[in-house]
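Listed below are the residues making up each chain.
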Amino acid sequence: MKVLMLGWELPPYNSGGLGTACYHLTKALSKNQSVDIEFILPYEADHKIDFMKVTAASKQDIDTFLLSGNAYDSTYFYNLAKSQSSNLNGLSLNEQVNLYEEAVASLVKDSQYDIVHAHDWLTFRAALRLKAQKKWPIILHVHSIESDRAGTKHGNPLAREVEAISLMMADRVIAVSEHTKRKIHEDYNIPLDKIEVVHNSIDINDIEPLDLDNAYKYISFMKKFGYRVVVNVGRLTIQKGLPNLLNAAKKVIEKAPKTIFLIVGSGEQYFELIEQATSLNIGANVLFADFQRGKNWRDAFSIGDLFVMPSVSEPFGITPLESVAYGTPAMVSKQSGVSEVLNNCLKVDFWDIDEMANQITSVMLSDPLRDSLLINASSEVEKFSWDNASNKLLNIYSKHTSEAMA
Amino acid sequence: MNKKAIVLYLHVHQPYRIRHYTVFDSAVYHNYFDASYESDTSNERILKKVAEKSYLPTNAKLLELLNNHQEFKLSLSITGTVLEQLEMWAPEALESFKALASSGRVEIVGETYHHSLAFFYSKAEFARQVDMHKQKIYDIFGQTPAVFRNTELAYNNELAKWADDNGYKGILAEGWDPILGWRSPNYVYSPINTNNLKLLMKNYKLSDDIAFRFANHDWTEYPLTADKFSHWLSEDQDATNFNLFMDYETFGEHQWSESGIFDFLDHLPKEWLKTEGHCFNTVSEVIDNFTPVDQIDTPYTVTWADTERDLSAWLGNPMQASTITDLYSLESQIIETNDWSLIEDWRRLQTSDHFYYMCTKWFNDGDIHAYFSPYKSPYEAYMNFANAFRDIRYRLMEKGVNL
């Protein structure tokens, strides 16, 4: 079966979970001999991937490409279009979407595929074009929708329009969680039985091992004096609910003064969050470490006593699983997809600052709670695998390819 | 014709569940057990519900059976914590228990007042709670227990020795195969190294047929009728006593009225007593009527829960083990305060249910429905408990105790 995948990013050039999920899904799918995947990206780079063919839709390199904004910047692409396309001589995100659609259409002009599988709205127009021109069935995989990225507000009307039309036209819609499935239904009136949930996952074997020496020296030092550490890794954007976490942090530190909050990530709320921490007078306890990759990224998870993901709306949210894999239990918002698959974690409503503070403080004050959460979450996460997701996808593929042939 | 007795023993208990009690409540509010009426942890709401679904209809049925069959008898254990709650919130249900006892054919079994695991942490505190319970049972039912059961039927040689030394004539335990070996639970035994004590061991297969499998449509024996059940018992030619031990709430709560459980109860005496020589015995009667056939050695603790039949459901994980150790570590300071409300709150926290709610064994498999708890997760149960315990410490320190 020849599968044409349309995606916006792959590791190591990913800005978030979208690229990671695409990578692991295609890798698990490729284990199946009968599946032959070509993955078309909007930029040119070497991803060191050998299990499928990765093609660039256009000649631009990754740095030029990112001037247009990343996969999560849908909400701001008007501004980017104004500020960046004129000043830096780059394209707006909207122009990138158009460019990708044209390029994909001409790339596959003379090819034959059995099915098109597209990831998130940026690639949906290209998928729709192929459905119209080639009559190939299209599977649209929703890793997030505009109201998620915008943090429960409506967001960008152009992105919403693309989502509304293409999800309606799709042969099948895949959501990364029940949470996302419900939101797709609520936002776009897509019938629930057209939407299949394929949860993201984690493969413990893919986790890069830690080395003995943690990169966060100051925090390691403070831990020797009885400090406990709360970690958040993610984009500093409205969707992620960090202002609530800082308000909770204020209450936690009053009860458990030896608590450090480590915030790893960047985004449009970066400076605003620093200001908030200082005006709450907890600046000394809140460390902002910017966006990190590799060792610094892994070590951030591992130095924590508790990982927190307070997202306002999180279609899936893979970081709590990564955190458990690196040895730190998690607290997640109930408004997240991951809360549907991980039992042994703390769960809190993103708006419930008192309860968030209560749960975090409880872990800071109790190593038995931290350890029990970790032991049980670890044995849960060990059983996770992307194979379940790829098996579900294969089922969906075969249903739609056979229907197309009939 | 040999005499054969059914020994029906029912255990009545409700804990004081801890409300959603946060770190911000510690050192401010001391009302750990006072959830709002609508909440999942409202003791008053739960007690009223259980009284309506189980205690009242079951007692009505039992009283009817006692009136209709002079041969019908049973034994009950009722914890202090449920008696208090019945007094406060369901006095009519308490009256119905009293009515059973005044028939003279319902024996009350002794245990700890607070349904605690104190025996394994403090013998002195354990003895105090057993005495409290003895007094309460005497005040309400006019009986003094002669047979003992420990919380969760947690039993070992040491407990048997304690019961023997303290004048009990009998004690109850799980009829667990590794302890019984080739022997059958359907006889009276004596525990090793005791003088006058006799041991009754639960026939868990027959008991669980009623308590767990009764309404299970996938069970090959479904539906279970009193006729069929009596027939099974008759098949064991030499047995003297069938120890059917279970939670009282089996009737109407674990097995709903719609399952036919009350009809089963209704027909059991009639079906069983049809055959000459068949009878019902209370726990004391069976001990008086039969000579022990063998000695039982129980070097390690056996309980009536789980496939493991040990204490791991209560003490198996670090959250459980650390909280219970911390709780008992305050014993002498708490008792010395002579502050009844503080001592009582400390004792209510000893109730084994709190530790059971923290059990993570089943939670792992995502089998949350099998998880019998008012909390959404064992972690939530732990956090509420830990915060309540912090407040207990605070109250001690407020009194000038150095911790």
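A quick note: this is a predicted structure, and the numbers were derived from the prediction, not measured. (Residues numbered from 1 in each chain as written. Chains lettered and ligands numbered in written order. Predicted model: local features only at pLDDT ≥ 70, side-chain atom pairs only at ≥ 80, totals over all residues.)

The next subject is the overall build of chain A. Scanning chain A from N- to C-terminus turns up 16 helices and 13 strands. For 406 residues, the compact-globule formula gives about 22 Å, and the C-alpha radius of gyration of chain A, at 21 Å, lands near that figure. Principal-axis analysis of the C-alpha atoms gives chain A an extent of 65 × 50 × 40 Å. In chain A, which comprises 406 residues, the proportion classed as buried is 54%. (Helix = DSSP H or I, 4+ residues; strand = E, 2+ residues; numbered from the N terminus. Rg over C-alpha atoms; globule rule 2.2 N^0.38 Å. Buried ≥ 20, exposed ≤ 12 C-beta atoms within 10 Å, placed from the backbone.)

Of regular secondary structure, chain B possesses 16 helices and ten strands. Whereas a compact globule of 403 residues would reach a radius of gyration of roughly 22 Å, chain B reaches 21 Å, a difference of no more than 12%. Here the C-alpha coordinates of chain B stretch approximately 70 × 45 × 45 Å along the principal axes. The proportion of buried residues among the 403 residues of chain B is 51%. Of all intrachain contacts in chain B linking residues separated by at least 6 positions in sequence, the fraction that spans at least 24 positions is 76%. (Contact = placed C-beta atoms within 7 Å.)

On to the sheet that holds strand E7 (residues 198-202) of chain B, then. The strand order across the open sheet built from three strands is E4-E5-E7 (chain B), with neighbouring strands paired in parallel fashion. Of all strands in the sheet, those bounded by a partner on one side alone are strand E4 (147-148) and E7 of chain B. (Pairing = 2+ DSSP bridges.)

Here we come to the interface of chain B and chain A. The interface of chain B with chain A comprises 15 residues on the first partner and 18 residues on the second. For the side of chain B that touches chain A, the elements supplying multiple residues, two or more each, are helix H12 (318-329) and helix H16 (378-398) of chain B. For the side of chain B that touches chain A, the element with the highest residue contribution is H16(B), accounting for four residues. Residues that form the side of chain B that touches chain A fall into these classes: nine nonpolar, six polar and no charged. (Nonpolar A, V, L, I, M, F, W, Y, C, P; charged D, E, K, R; others polar.)

Overall, the predicted model of chain A reaches an average pLDDT of 92, with 95% of residues at or above 70. Counting contacts from residues 79-88 of chain A, a segment whose pLDDT is below 50, to residues more than four positions away or on other chains yields 15 contacts. (pLDDT = per-residue confidence, 0-100.)

Residues and elements named next belong to chain A. Strand order in the open sheet made by the seven strands is E3-E2-E1-E4-E5-E6-E7, with parallel pairing throughout. Every interior strand has two partners, whereas the edge strands, strand E3 (53-56) and strand E7 (195-197), have only one. Taken over all neighbouring pairs, the strand axes of this sheet differ in orientation by 25° on average, direction set aside. Sheet topology note: the strand E6 (residues 172-175)/E7 ladder contains three bridges and is parallel. Note on E7: the bridge partner recorded for alanine 175 is valine 197. (Axes fitted to C-alpha atoms, helices over the stretch in contact; angles between N-to-C directions.)

This next bit is on the nonpolar core. One finds A:Val116, A:Ala127, A:Leu140, A:Val173, A:Ile360, B:Val7 and B:Ile171 to be the most contacted residues of the largest nonpolar core, which totals 232 residues. Looking at which element gives the most residues to this core, the answer is H16(B), with ten residues. (Core = buried A, V, L, I, M, F, W, Y, C linked by C-beta atoms within 7 Å.)

Turning our eyes to something else, we now look at the packing of H12(B) against H16(B). Residues and elements named next belong to chain B. Look at H12 against H16: their axes get within 11 Å of each other, and the N-to-C directions meet at 20°. Our classification of the angle between H12 and H16 gives roughly parallel. Judged by the sense of rotation from one axis to the other, the crossing of H12 with H16 is left-handed. Contacts from Met319, Thr323, Asp326 and Leu327 of H12 reach H16 at Tyr382, Phe385, Ala386 and Phe389. (Parallel < 35°, antiparallel > 145°, perpendicular 65-115°, else oblique. Left-handed = near helix turned anticlockwise from the far one by under 90°.)

The subject of this paragraph is the packing of helix H1 (residues 43-68) of chain B against helix H3 (residues 91-101) of chain B. Residue and element names in this part refer to chain B. Closest axis-to-axis distance for the H1/H3 pair is 9 Å, and the angle between their directions is 25°. Put simply, H1 runs roughly parallel to H3. Considering how the two elements wind past one another, H1 and H3 form a crossing that is left-handed. Each of Ala51, Tyr55, Leu56, Asn59, Ala60, Leu62, Leu63 and Leu66 in H1 lies in contact with H3, whose residues at this interface are Ala93, Ser96, Phe97, Ala99 and Leu100.

Residues and elements named next belong to chain B. Taken domain by domain, chain B holds domain 1 (4-296) and domain 2 (312-398). With centres defined by C-alpha atoms, the gap from domain 1 to domain 2 works out at 24 Å. Between domain 1 and domain 2, the contact holds 27 residues from the first and 21 residues from the second. (Domains from an automatic or database assignment.)

Moving on: the pairing of strand E1 (residues 2-6) of chain A. All names here are of chain A. The element E1 is extensively covered by neighbouring structure, given that four of its five residues are classed as buried. The pairing of E1 with strand E2 (residues 36-41) spans five bridges and is classified as parallel. Among the inter-strand pairings, lysine 2 is bridged to a residue of E2, identified as aspartate 36. This β-α-β element, E1 to helix H1 (residues 17-30) to E2, shows right-handed connectivity. Pairing analysis gives four bridges linking E1 to strand E4 (residues 115-119), with the strands arranged parallel. Across the sheet, valine 3 pairs through a bridge with isoleucine 115, a residue of E4. (Right-handed = clockwise from strand over helix to strand, strands pointing away.)

All names here are of chain A. Per the domain assignment, the segments making up chain A are domain 1 (2-201 + 385-405) and domain 2 (205-382). One C-alpha centre belongs to domain 1, the other to domain 2, and the line joining them spans 29 Å. Each partner contributes residues to the interface: domain 1 has 18 residues there, and domain 2 has 15 residues. Residue assignment for the side of domain 1 that touches domain 2 shows that the elements contributing at least two residues are H1, helix H6 (146-149) and helix H8 (178-188). The element that contributes the greatest number of residues to the side of domain 1 that touches domain 2 is H8, accounting for three residues.

Its 21 residues place the ends of H16(B) 30 Å apart at the C-alpha level, agreeing with the 30 Å of an ideal helix rising 1.5 Å per residue. Looking one or two residues past H16(B), B:Gly400 carries a phi angle of roughly 90°, positive in sign. (Expected span 1.5 Å × (residues − 1).)

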